[in-house]
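# Breakdown of the fold
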Amino acid sequence: MLIVLLFTNSRSAHDFHASVTQMQYDPKEQVFEISIRIFTDDFEKVLSAESNTKVNLSDSHKNDALIEKYIRAHFAYINPQKQAKPIKYVGHEIEADANWLYLEMPYAEPFRGGQLKQNVLMEYFDDQVNMVNIQYQHQKKTFVFRKSQSVQDISL
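As a starting point, this report considers the structure included with it. The shown structure was predicted, so the numbers you read here are calculated from the model rather than taken from an experiment.

All right, on to the overall build of the protein chain then. A tally of regular secondary structure across the protein chain gives 3 helices and 9 strands. For the protein chain, the N- to C-terminal ordering of α and β elements is α-β-β-α-α-β-β-β-β-β-β-β. Expressed as lengths along the three principal axes of its C-alpha atoms, the size of the protein chain is roughly 60 × 35 × 25 Å. Relative to its 156 residues, the protein chain shows a buried fraction of 42%. Long-range pairs, those at least 24 residues apart, make up 58% of the contacts in the protein chain with a sequence separation of at least 6. Taken as a whole, the protein chain presents about 9,200 Å² of accessible surface, with 52% of it coming from carbon and sulfur. In the protein chain, the 17 positive side-chain charges and the 20 negative ones have mean positions that sit 5 Å from each other.

To continue, consider the sheet that holds strand β3 (residues 75-78). One open sheet accounts for 3 strands, arranged β3-β6-β9; its pairing is antiparallel. Edge positions in the sheet fall to β3 and β9 (151-154), since each has one partner strand and no second. Averaged over all pairs of adjacent strands, the angle between strand axes in this sheet comes to 20°, irrespective of strand direction. Bridge count for β3 against strand β6 (residues 114-118) is 4 bridges, and the pairing is antiparallel. Paired with F75 across the bridge in β6 is Q118. With respect to the sheet, helix α3 (residues 64-74) is in contact with β3 and β6, its orientation differing from that of β3 by roughly 45°.

This part takes up helix α2 (residues 40-51). The terminal C-alpha atoms of α2, which comprises 12 residues, lie 16 Å apart, in line with the 16 Å expected from a rise of 1.5 Å per residue. Taken as a whole, α2 has its buried residues at T40, D42, F43, E44, V46, L47 and S48. As for α2, its buried residues are in contact with β2 (31-39), α3, β4 (88-95) and β5 (98-106). Two residues or fewer past α2, N52 is found with a positive phi of approximately 55°.

Cut-offs used in this document
The residue numbering used here restarts from 1 in each chain and proceeds along that chain's sequence as written. Since the coordinates come from a predicted model, pLDDT governs what is reported: local features require at least 70, and pairs of side-chain atoms require 80 or more to be given and counted, while whole-chain, interface and lining totals use all residues. For side-chain calculations, the full set of non-hydrogen atoms in the structure is used, while hydrogens and water are omitted. The way it works is that DSSP assigns letters per residue, a run of H or I at least four long becomes a helix, a run of E at least two long becomes a strand, and they are numbered from the N terminus. Accessible area is worked out with a 1.4 Å probe on protein chains only. A residue is then buried under 20% of its type maximum, exposed over 50%, and partly exposed in between. What makes two residues a contact is simply this: any of their non-hydrogen atoms within 4.5 Å. Per-residue and other accessible areas follow the Shrake-Rupley method at a 1.4 Å probe size, with only the shown protein chains counted as cover for residues. Note that His is not counted, nor are the chain ends; the positive residues are Lys and Arg, and the negative ones are Asp and Glu. Taken as the charge centre is NZ of Lys, CZ of Arg, CG of Asp or CD of Glu, depending on the residue. A pair of strands counts as paired when DSSP detects no fewer than two bridges linking them. To get an axis, fit a line to the C-alpha atoms, keeping to the stretch in contact for a helix; angles then go from 0 to 180 degrees between the N-to-C directions. To estimate the expected span of a helix, count its residues, drop one, and scale the result by 1.5 Å.

Here's what the structure looks like:
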């Protein structure tokens, strides 16, 4: 019995796979400021697998090109006119056990919804859940993305 307890307590740093995305609209700059919080160890595993090399995200900006390529493939927005909006990778930083990715999406027209893809880490973790909080003017809404629903129609 003691051996079973020892093995069940020797789990990884966390028992769930999740990310949180904040999309906040800045009307003065006419841009959505986007931040994505991902567990660093999970992100390093995925980037290492994608690049076939050991990735250590504490190496400052060494991995920015790899991060940008990955995030462009897994986070996208298409407006109601079926146009993909450009997303600019700004950078990343590590805070405790998480990695923050910073993006900007220019948005001059009124926000009328569209389709959002947020499937970060889903190709490696079946239980990955990506929560997206969108704030536009005085409206807020949260969307939950799972492997079975990695692209969603969004509106406020």
